[in-house]
Amino acid sequence: RYVRQLQRLQLLFSPTAADARGARQFVEEAAQDFARQHPDVVLYVSPHSGPGPAPVLRAEYLNGTVREELIASMTSEEIVQLATKLANQSGLDIIRIRKPFHTDNPSVQGQWHPLTNKPSILTVQGPRLQPQ
Amino acid sequence: VAKTSLTSPPWPEVKLPDPVEEAKYHAEVVRKVNGLISAGEYGRLFAVVHFASKQWKITNEDLIMMDNVLEAECGDRIRMEKVLLVGADDFTLIGRPLLGKDLVRVEATVIEKTESWPKVNVRFWRRHNFQRKKIIANPQTVLRINTIEIYPCLS
């Protein structure tokens, strides 16, 4: 059971801007293939006409994080790679993680403490301790 | 001959038991462990697995992160070979160095393929006007161990 963490991808670009050429080519050619390959991701394409803000690919994840990446002056293959990379990610922050592993049950046979594998005090014969 | 400090080695002398008795003891232990496994009386199992040039100690439902790219897509189920050790509450199976594939089965799914946090690689020589800056983001994969199973076919 695997649930993709990407909720939706919003592609905001303007059809007249010069730096959105890759985005337009992506929409014409590769958007349908991408949508078919990732059936559990919703892809919204919203062109806003006129000289608006820079073309942006916005990814929203199931835990609410929104990640925006600029696609200005990128070819359509690069946009496809970016989109697959975002689709494979989860919404956690990309910061330094301290441990590359995480367990809920770290010890199965009981955690080691300095008294494991030592004979008990009752049977040790020291110079003063007599066995009782 | 007189006994000096070097006649006998400094470690205590260990007498090995009889090989026949040892073989009987081994057979009985193997039978007991086999019975336990086939009856299914073990609780959590942990395993030591060699993966991506590192050895991990894993149990059910835990997360592992690699600093590389696997060829499997997100959501693929992966079976891990190269199991060195398997243990439960009462017994452990130690491989020399690997355990057989028909004994243990470790399954994992690829959850995520992201990049690491952007690391800065700066090279600087003083008084030489030499400064190079590079941002590196390694690709990483996150796996979740689904199950560890053992089958009673010891010998």
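Because the structure is predicted, anything quoted here is derived from the model rather than measured.

The rules behind the values
- Residues numbered from 1 in each chain as written.
- Chains lettered and ligands numbered in written order.
- Predicted model: local features only at pLDDT ≥ 70, side-chain atom pairs only at ≥ 80, totals over all residues.
- Heavy atoms only, no water.
- Helix = DSSP H or I, 4+ residues; strand = E, 2+ residues; numbered from the N terminus.
- Buried < 20%, exposed > 50% of the residue type's maximum accessible area, 1.4 Å probe, protein only.
- Contact = heavy atoms within 4.5 Å.
- Buried area = accessible area lost by both parts, 1.4 Å probe.
- Salt bridge = Lys/Arg side-chain N within 4 Å of Asp/Glu carboxyl O.
- Polar contact = N/O pair within 3.5 Å; in protein donor to acceptor, adjacent residues only side chain to side chain.
- Nonpolar A, V, L, I, M, F, W, Y, C, P; charged D, E, K, R; others polar.
- Pairing = 2+ DSSP bridges.
- Patch = residues over 30% accessible without salt bridge, like charges linked within 9 Å, V, L, I, M, F, W, Y side chains within 5 Å.
- Areas by Shrake-Rupley, 256 points an atom, 1.4 Å probe, with all protein chains shown as cover.
- Lys, Arg positive; Asp, Glu negative; His and termini not counted.
- Charge placed at Lys NZ, Arg CZ, Asp CG, Glu CD.
- Axes fitted to C-alpha atoms, helices over the stretch in contact; angles between N-to-C directions.
- Parallel < 35°, antiparallel > 145°, perpendicular 65-115°, else oblique.
- Left-handed = near helix turned anticlockwise from the far one by under 90°.

## Observations regarding unusual backbone geometry
Residues and elements named next belong to chain B. The backbone of Glu61 shows a phi angle near 50°, a positive value even though the residue is not glycine. In this fold, Glu61 is placed in the loop between strand E2 (54-58) and strand E3 (62-66). Despite not being glycine, Lys82 has its phi angle at roughly 60°, a positive value. As for its placement among the helices and strands, Lys82 is situated in the loop between strand E4 (77-80) and strand E5 (83-87). Judged by its relative accessible area of 45%, Lys82 falls in the partly exposed class.

## Here we look at the interface of chain B and chain A
When the parts of a complex come together, some accessible area is lost, and that lost area is often used as the size of the interface. Between chain B and chain A, the residue contacts involve 25 residues of the former and 18 residues of the latter. Of the roughly 2,000 Å² buried between chain B and chain A on both sides combined, carbon and sulfur atoms contribute 57%. Between chain B and chain A we count 1 salt bridge in total. Between Glu115 of chain B and Lys85 of chain A there is a salt bridge, with its nearest N and O atoms 3.7 Å apart. Remark: the boundary between chain B and chain A carries 3 residue pairs in polar contact (both at pLDDT 80 or more). Sorting elements by how many residues they give to the side of chain B that touches chain A places strand E7 (residues 104-115) of chain B first, with 6 residues. Grouping the constituent residues of the side of chain B that touches chain A by class yields 11 nonpolar, 7 polar and 7 charged. Relative to E3 of chain B, strand E5 (residues 101-102) of chain A runs antiparallel, the two being bridged by 2 bridges. Looking at E3 of chain B, one finds that Phe101 of chain A is bridged to Ile64 of chain B.

## Some thoughts on the environment of Glu13 of chain B
Summarising the element assignment, Glu13 of chain B is placed in the segment before helix H1 (19-39). Along the primary structure Glu13 of chain B and Glu71 of chain B are separated by 58 residues, whereas in three dimensions their C-alpha atoms are 54 Å apart.

## What to know about a negative patch on the surface
Residues and elements named next belong to chain A. Residues Glu28, Glu29, Glu77 and Glu78 make up a contiguous surface patch of negative charge. The set of elements that each furnish at least two residues to the negative patch consists of helix H1 (21-37) and helix H2 (76-88). Accessibility expressed as a relative area gives 37% for Glu78, which makes it partly exposed.

## Digging into the sheet that holds E5 of chain B
All names here are of chain B. Here 4 strands make up an open sheet; going across it, the order is E2-E1-E5-E6 and the pairing antiparallel. Two strands in the sheet have a free side with no partner beyond their single neighbour: E2 and strand E6 (92-94). Strand-to-strand, the axes of this sheet are offset by a mean angle of 15°, without reference to chain direction. Pairing between strand E1 (residues 46-51) and E5: 4 bridges, direction antiparallel. Following the sheet pairing, Val49 is matched in E5 by Val83.

## Re the packing of H1 of chain A against H2 of chain A
Residue and element names in this part refer to chain A. Viewed as axis vectors pointing N to C, H1 and H2 meet at an angle of 50°, and their least axial separation amounts to 9 Å. If you check the angle between H1 and H2, you find them oblique. Our pair here, H1 against H2, has a crossing hand that is right-handed. Counted together, Gly22, Ala23, Gln25, Phe26, Glu29, Ala30 and Phe34 of H1 and Ser76, Ile79, Val80, Ala83 and Thr84 of H2 form the full contact between these two elements.

## Quick notes on the side chain of Glu107 of chain B
Residue and element names in this part refer to chain B. Here Glu107 is to be found in strand E7. We classify Glu107 as buried; its relative accessible area is 11%. Of the polar contacts made by the side chain of Glu107, one reaches the side chain of Arg105; its length is 2.5 Å. Among all residues touching Glu107, those that are not within four sequence positions of it are Arg77, Ile78, Arg144, Ile145, Asn146 and Thr147.

## Description of the sheet that holds strand E3 (residues 56-61) of chain A
Residue and element names in this part refer to chain A. Taken together, 4 strands build an open sheet; the order of strands is E2-E1-E3-E4 and the sheet is mixed. Among the strands making up the open sheet, the edge pair consists of strand E2 (42-47) and strand E4 (66-70). Going from strand to strand, the sheet's axes swing by 15° on average, the running direction of each strand aside. Bridge count for strand E1 (residues 6-13) against E3 is 6 bridges, and the pairing is antiparallel. Bridge assignment links Leu9 to a residue of E3, and that residue is Ala59.

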